[in-house]
Amino acid sequence: MVLVAATEALVSSEEADDVKRVRQRRRMFIMVGLAYLFDVPILLLYCLTGGITVSLPAMYCLAGVSLTLVALVLSELRLSDRLRDHYMTAQLSIGNIAIQLTAAYVAPEIGFFFISTIFFVVGYGCLRMTGRQTGLVWTFAAVGSVYLFMLSGKHIALPMDTPAERSLALLCFLTTLARCAIVGLYGSSLREMLYKKSNELESAHARIEQLAQTDELTGVLNRRYIMRSVNEELLRAQRKPAPCSVAIIDLDLFKGINDTFGHPVGDEVLRSFAIAVSANIRSVDRLGRYGGEEFLLVLPETPRDQAIAIVDRLRQIVGNLNWDAISNGLKVTMSAGVAQVRQNEAPEDILARSDAALYRSKDAGRNRVTGG
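Residues numbered from 1 in each chain as written. Predicted model: local features only at pLDDT ≥ 70, side-chain atom pairs only at ≥ 80, totals over all residues. Heavy atoms only, no water.

Participant: Give me the overall build of the protein: which residues, what numbers.
Facilitator: A count of helical and extended segments in the protein gives eleven helices and five strands. Over its C-alpha trace the protein gives a radius of gyration of 36 Å, far above what one expects of a compact globule, namely 21 Å for 372 residues. Overall, the C-alpha framework of the protein stretches about 110 × 50 × 35 Å when taken along its three principal axes. Counting only residues that meet the buried cut, the protein has 43% of its 372 residues in that class. Considering only contacts in the protein between residues 6 or more positions apart, those separated by 24 or more positions represent 71%. Accessible surface, the protein as shown: approximately 20400 Å² in total, 61% of it carbon and sulfur. (Helix = DSSP H or I, 4+ residues; strand = E, 2+ residues; numbered from the N terminus. Rg over C-alpha atoms; globule rule 2.2 N^0.38 Å. Buried < 20%, exposed > 50% of the residue type's maximum accessible area, 1.4 Å probe, protein only. Contact = heavy atoms within 4.5 Å. Areas by Shrake-Rupley, 256 points an atom, 1.4 Å probe, with all protein chains shown as cover.)

Participant: Requested: an account of a positive patch on the surface, with residues and values cited.
Facilitator: On the surface, a cluster of positive charge is made up of Lys20, Arg23, Arg27, Lys196 and Lys197. With respect to the secondary-structure elements, Arg23 resides in helix α1 (residues 2–48). (Patch = residues over 30% accessible without salt bridge, like charges linked within 9 Å, V, L, I, M, F, W, Y side chains within 5 Å. Salt bridge = Lys/Arg side-chain N within 4 Å of Asp/Glu carboxyl O. Lys, Arg positive; Asp, Glu negative; His and termini not counted. Charge placed at Lys NZ, Arg CZ, Asp CG, Glu CD.)

Participant: Before we move on, could you go through the environment of Val22 and cite the residues and values that matter?
Facilitator: Residue position: Val22 is located in helix α1. Given the relative accessible area of 7%, Val22 is considered buried. With 65 residues separating them in the primary sequence, Val22 and Tyr87 have C-alpha atoms 9.1 Å apart. Once residues lying within four places of it in the same chain are set aside, the contact partners of Val22 are Ser75, Glu76 and Arg78.

Participant: Can you tell me about unusual backbone geometry, naming the residues and giving the values?
Facilitator: Lys240 connects to Pro241 through a cis peptide bond whose omega is -15°. Secondary-structure assignment places Pro241 in the loop between α7 (223–239) and β1 (244–251). Phi is positive for Arg78, close to 65°, though the residue is something other than glycine. Inspection of the secondary structure puts Arg78 in the loop between α2 (55–76) and α3 (89–106). Overall, the relative accessible area of 34% leaves Arg78 in the partly exposed class.

Participant: Please set out the confidence of the model for the protein residue by residue, giving values where relevant.
Facilitator: Chain-level statistics for the protein give a pLDDT mean of 88 and a share of 95% at 70 or above. Looking over the protein, one finds the lowest element-wise mean pLDDT in α1, namely 73, and the highest in strand β4 (residues 334–340), namely 96. For residues 1–11, every residue scores under 50 in pLDDT, and the model assigns this stretch one contact once sequence neighbours within four places are set aside. (pLDDT = per-residue confidence, 0-100.)

Participant: Which residues make up the packing of aromatic side chains, and what are the values?
Facilitator: Applying the stated criterion to the full structure yields seven aromatic pairs. Their ring planes at 50° and their centres at 4.9 Å tell us that Phe273 and Phe295 sit as a pair that is tilted. Here Phe295 lies in strand β3 (residues 294–300) and Phe273 lies in helix α9 (residues 263–278), a separation of 22 residues in the sequence. Across the pair, Phe295 and Phe273 agree in class, each one buried. Members of the aromatic cluster, joined through ring pairs, are Tyr36, Tyr60, Phe113 and Phe114. One residue, Lys362, lies across the ring of Tyr359, its end atom 4.9 Å from the ring centre. (Phe/Tyr/Trp six-rings, centres within 6.5 Å; stacked < 30°, edge-to-face > 60°. Lys NZ or Arg CZ within 6 Å of the ring centre and 35° of its normal.)

Participant: So, the sheet that holds β4: which residues are in play, and what are the values?
Facilitator: One open sheet accounts for five strands, arranged β2-β3-β1-β4-β5; its pairing is mixed. Two strands bound the open sheet, and with one partner strand each, they are β2 (286–291) and β5 (369–371). Across this sheet, the average inter-strand angle for adjacent strands is 20°, counted without regard to direction. Where β1 meets β4, seven bridges bridge the pair, whose relative direction is antiparallel. Among the inter-strand pairings, Ile248 is bridged to a residue of β4, identified as Gly337. Sitting on the sheet, α7 touches β1, β2 and β3, and the angle it makes with β2 is about 130°. (Pairing = 2+ DSSP bridges. Axes fitted to C-alpha atoms, helices over the stretch in contact; angles between N-to-C directions.)

Participant: Mind laying out helix α11 (residues 347–363), listing which residues take part and the relevant values?
Facilitator: In an α-helix, one turn spans 3.6 residues; hence positions three or four apart end up facing the same way. Helix length check: α11 (17 residues) gives 24 Å between terminal C-alpha atoms against 24 Å at 1.5 Å per residue, within 8%. Every buried residue of α11 is accounted for by Pro347, Ile350, Leu351, Arg353, Ser354, Ala357, Leu358, Ser361 and Lys362. Of the surrounding secondary structure, the elements contacted by the buried residues of α11 are α7, β1, β2, β3, β4 and β5. Just past α11, the residue Gly365 takes up positive phi, approximately 120°. (Expected span 1.5 Å × (residues − 1).)

Participant: Residues and numbers for the pattern of salt bridges, please.
Facilitator: Counted according to the given criterion, the structure contains 14 salt bridges. The residue Asp81 makes a salt bridge to Arg78 at a minimum N-O spacing of 3.0 Å. Using a relative accessible area of 30% as the deciding quantity, one classes Asp81 as partly exposed. As a salt-bridge pair, Asp312 and Arg315 come within 2.8 Å of each other at their nearest N and O atoms. Of the two residues, Asp312 and Arg315 are both situated in helix α10 (residues 304–320); the distance of three residues between them amounts to about one turn of the helix. Via salt bridges that share partners, Arg25, Arg78 and Asp81 belong to a single interconnected network.

In structure tokens:
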């Protein structure tokens, strides 16, 4: 059930990510289209000064908006999802650079207006492009610029002979600055988004790690990780050397609890027991479910006699709990076997001695702690 729920949550998360991705692409494409519309008034002002013909703003806007619409349609139809870069950043950058170079070729008298826009296109694209894509886009822009400046015979300029032309040149400059600021803000938002995603991934990883270590029913360590704790503490105790004790705890006559009160009550007993013990041990101690109604308690830097006293205190706490809150007439006790780690002892040896001590507790009438 947990696996099914996790799978459903994963699918739901992926669908939400897909919707978010389409929304982000839509915003980006709309912003690029608006940038072309933003240029039209400036070009129309140049038309009024007689610098260019009125057909240029119309063709320029038509080319830019058409390119953006094609990208938007591909995004909305989810066709761009098949691409490695589903934002089509490199393709759009090359298309936009081609429009700017063509416009500069057609209207070289204001060519620097279009050339300055190429800086915005490349800077904006680099925020999402890989190194290889950036190299490709730069090469395309460089080859086009070489042709435009060196081979086309065009005199690329920006007229500033009259006050009106100087005012328009200033407007072009301020527009370029504004675009650079937009690139910076967009980059900042990307960094913030990546930082947030990184934190979310770290939290998710920590949660997955916790789930991998935790017994689903009781919330304490599962068998795999409590055995890892045993191994780690054995190595640490033998390195220092320092005393370390291990206790195997068993809930007395647990099968009778299941038979009399039912398995749901038995599960609640295991949960309540784990909570009670976890709340009354040190932060360095490790409690895990060893199997069924058996639990393993690892007590670092604790000699056997002290460990017996600690576990016996836990036994008293468990015995004094108000188990009627779970089911009327319910009484729960525990038995335990405690053993101290010996030099060069294997994990199975310490567990065998603790288990033998546990059986002596049972043979002696249960509800007691015995050292091994």
